[in-house]
Each structure stands twice: as structure tokens, then as C-alpha cells.
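Residue-level structure breakdown
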Amino acid sequence: MPKFITIGYGDREGYDRTAKSVRDAAHAHDEVLQKGGALMGIAGPPVQVRNHEAKEVQTEGGPYMTAQLPVAGFAVIEAPNMAEAIKMVSQSPCAVAYGVVEVWPLEQPGGVA
């Protein structure tokens, strides 16, 4: 089955202004996804890694890209197609609490995973 990488963006302000019942339902939805095999995690502090021409590893703390909202978490999900992947993440905390979730197809060399 195809795999998708999801990136959730959201902040405390959006989370806090979302009704508790909606947040609780979103967390319960994430638990169902996890029990079904989704790999999920909250985003920790990022580190950029460079090794241009394989000559010297350089690291720098912080994100490479910036967005209107901070990265809140990541997941790897399986779904038969993009439409089903979107449906799966549409009830996640970031999607319902004034954030956004990106869904990226995880493609393998030679085709989709």
C-alpha cells in the first residue's frame, strides 16, 4: 500500500482556541491511526546537516525552511491513494485546531511506495 509523509503545523494559540471536545476527538482519531500502524511523533528541535561533496559534515541548529506556523509533528501513514490519505489526516489535531497538515506521497525509486 502507498505510504505518505505528513507534516503537521500548528501553534498553542490555535490549539487553545479550539473547543476541548474537538481536540479530544482529534487525539482519539490519532490514537486510532497509530493502532492501525501509523508512525507518529511530535517534532523536536531540528538540526540541519550538510556534507557538500562528502568533504566535511557541518551542522546548524534550527529549521532550514520557515513557515507561518511551527512544525508540530510528523507521521508516516499508509493509504490506498491521496484522497484517502487526506481523509485520514483531516481529523488530526493540527488540521482541526487552526493549523495545517501537508501530505507528501513517499515515492520509491521506480514508483510509489
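Residues numbered from 1 in each chain as written. Predicted model: local features only at pLDDT ≥ 70, side-chain atom pairs only at ≥ 80, totals over all residues. Heavy atoms only, no water.

1. Here's the deal with a nonpolar patch on the surface
Stated precisely, the cut-off is as follows: Like-charged residues within 9 Å of one another, or nonpolar side chains (Val, Leu, Ile, Met, Phe, Trp, Tyr) within 5 Å, are grouped into patches, provided each residue has over 30% relative accessible area and no salt bridge. Accessible surface area values rest on a Shrake-Rupley calculation with a 1.4 Å probe, where residue burial reflects the displayed protein chains alone. In what follows, salt bridge is the name for a side-chain nitrogen of Lys or Arg lying within 4 Å of a carboxyl oxygen of Asp or Glu. Starting at the N terminus, helices and strands are each numbered in turn, a helix being any DSSP run of H or I of at least four residues and a strand any DSSP run of E of at least two. For every residue, the accessible area (1.4 Å probe, protein chains only) is compared with the maximum for its type, and the residue is labelled buried under 20%, exposed over 50%, or partly exposed between those bounds.
On the surface, Val-47, Val-49 and Val-57 cluster together to form a nonpolar patch covering roughly 300 Å² of accessible area. With respect to the helices and strands, the residue Val-47 is situated in strand E3 (residues 47-50). We classify Val-47 as exposed; its relative accessible area is 54%.

2. A word on unusual backbone geometry
Located in the positive-phi region is Ala-54, a residue other than glycine, with phi close to 55°. Relative to the helices and strands, Ala-54 is located in the loop between E3 and strand E4 (58-61). Ala-54 sits in the exposed class, given a relative accessible area of 64%. Unlike most non-glycine residues, Tyr-98 shows phi in positive territory, near 65°. Looking at where Tyr-98 falls in the secondary structure, it is placed in the loop between helix H4 (93-96) and strand E6 (100-105). The partly exposed category is assigned to Tyr-98, whose relative accessible area is 48%.

3. A word on helix H2 (residues 20-35)
Formally: Helix span, as expected, comes to 1.5 Å for every residue beyond the first. By arc we mean the arc of the directions from the helix axis to the C-beta atoms, nothing more.
For H2, built from 16 residues, the straight-helix expectation of 22 Å at 1.5 Å per residue is met to within 8% by its first-to-last C-alpha distance of 23 Å. The set of residues buried in H2 consists of Arg-23, Ala-26, Asp-30 and Leu-33. Here the buried residues of H2 occupy an arc of 75° about the axis, which is enough to place them on one side. The exposed residues of H2 that point more than 90 degrees off its buried face are Lys-20, Ser-21, Val-32 and Lys-35.

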